[in-house]
Amino acid sequence: MRRLLLAALALVAVLLAPATAGAASEVLALDRGELQVRFVGRASPPPAEVTLPLHWDAHWPRAVGWAQLRIRFDAPAGHADEPQALLVSRIGNAYRVKLNGQVIAAAGKLEQINDGWSNRRPLWLRVPPSLLRDGENLLEIAVRADPSRRAGIAPVRLGAERLLQPQWDALESVSYTH
């Protein structure tokens, strides 16, 4: 129990600490975007601007459906100078992540309701340098939401791998102590 508490405190400290960037590198908090929701058996609302995190069960209890989030952003300063990564502390149930139209991650069966897949680990993605553009970029995250499975999307972080690595390590430490 003490080990779990220490790991949780370390995670909180890392996530709340400001990014200490060297050179021109920075970490972007990608937590605002346009959300389109689709339900099984009922009408879907129009797209809306949202701020992450998205907790499906809190917004639509017992509903089965899908969410498509579109986040537009400018590439981080210094992105061409060092490897970049994308970090999401929680995403699911099933998901697909696209950057500028290219799939960079997917897990579970997005269209198959209750396929048993329920992601319970953080998502770490190395961003292919050729996909991150100077100027505007588009990150698209699609999730399938099964009722009572804690579906949703946590805030997304994008930046130099070396700056995000401590957050990833802390998240992994907590996920393995549960």
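Up top is the structure these notes are about.
Residues numbered from 1 in each chain as written. Predicted model: local features only at pLDDT ≥ 70, side-chain atom pairs only at ≥ 80, totals over all residues. Heavy atoms only, no water.

## Some details on the overall build of the protein
Counting its secondary structure elements, the protein contains three helices and 13 strands. Expressed as a percentage of contacts within the protein between residues at least 6 apart in sequence, the contacts between residues at least 24 apart total 79%. A total accessible area of about 9500 Å² is found for the protein, and carbon and sulfur atoms account for 54% of it. (Helix = DSSP H or I, 4+ residues; strand = E, 2+ residues; numbered from the N terminus. Contact = heavy atoms within 4.5 Å. Areas by Shrake-Rupley, 256 points an atom, 1.4 Å probe, with all protein chains shown as cover.)

## Remarks on the pattern of salt bridges
One pass over the structure, following the stated rule, counts seven salt bridges. A salt bridge links arginine 149 to aspartate 146; the nearest nitrogen and oxygen atoms lie 3.6 Å apart. Taking the relative accessible area as the measure of exposure, arginine 149 reaches 25% and is therefore partly exposed. Judged by relative accessible area, which is 0%, aspartate 146 ranks as buried. A single network of salt bridges, built from pairs that share partners, joins Arg144, Asp146 and Arg149. (Salt bridge = Lys/Arg side-chain N within 4 Å of Asp/Glu carboxyl O. Buried < 20%, exposed > 50% of the residue type's maximum accessible area, 1.4 Å probe, protein only.)

## Observations regarding the sheet that holds strand 3 (residues 48–51)
Strand order in this open sheet of six strands is 3-2-5-11-8-9, and the pairing throughout is antiparallel. The sheet is open, and its two edges are formed by strand 3 and strand 9 (102–107), each paired on a single side. Pairs of neighbouring strands in the sheet enclose a mean axial angle of 25°, with direction left out of account. Bridge count for strand 2 (residues 32–39) against strand 5 (residues 65–74) is six bridges, and the pairing is antiparallel. (Pairing = 2+ DSSP bridges. Axes fitted to C-alpha atoms, helices over the stretch in contact; angles between N-to-C directions.)

## Observations concerning the sheet that holds strand 7 (residues 91–92)
Taken together, three strands build an open sheet; the order of strands is 4-12-7 and the sheet is antiparallel. The open sheet terminates on both sides in strands that have one partner only, identified here as strand 4 (54–55) and strand 7.

## Some remarks on the packing of aromatic side chains
Taken as a whole and judged by the stated rule, the model has three aromatic pairs. Seen in terms of ring centroids, phenylalanine 39 and tryptophan 60 are 5.8 Å apart; in terms of plane orientation they differ by 65°. Their pairing is edge-to-face. Taken together, the residues phenylalanine 39 in strand 2 and tryptophan 60 in the loop between helix 2 (56–59) and strand 5 connect sequence positions 21 residues apart. When the centroid spacing of 4.7 Å and the interplanar angle of 55° are considered together, the rings of tryptophan 56 and tryptophan 60 count as tilted. Comparing tryptophan 56 with tryptophan 60 shows no difference in burial state: the two are buried. An aromatic cluster is defined as three or more aromatic residues linked by ring pairs; in this entry it consists of Phe39, Trp56 and Trp60. Positioned above the aromatic ring of tryptophan 66 is the side chain of arginine 38, whose terminal nitrogen or guanidinium carbon lies 4.2 Å from the ring centre. Residue placement shows arginine 42 over the ring face of phenylalanine 39; its charged tip is 4.2 Å from the ring centre. (Phe/Tyr/Trp six-rings, centres within 6.5 Å; stacked < 30°, edge-to-face > 60°. Lys NZ or Arg CZ within 6 Å of the ring centre and 35° of its normal.)

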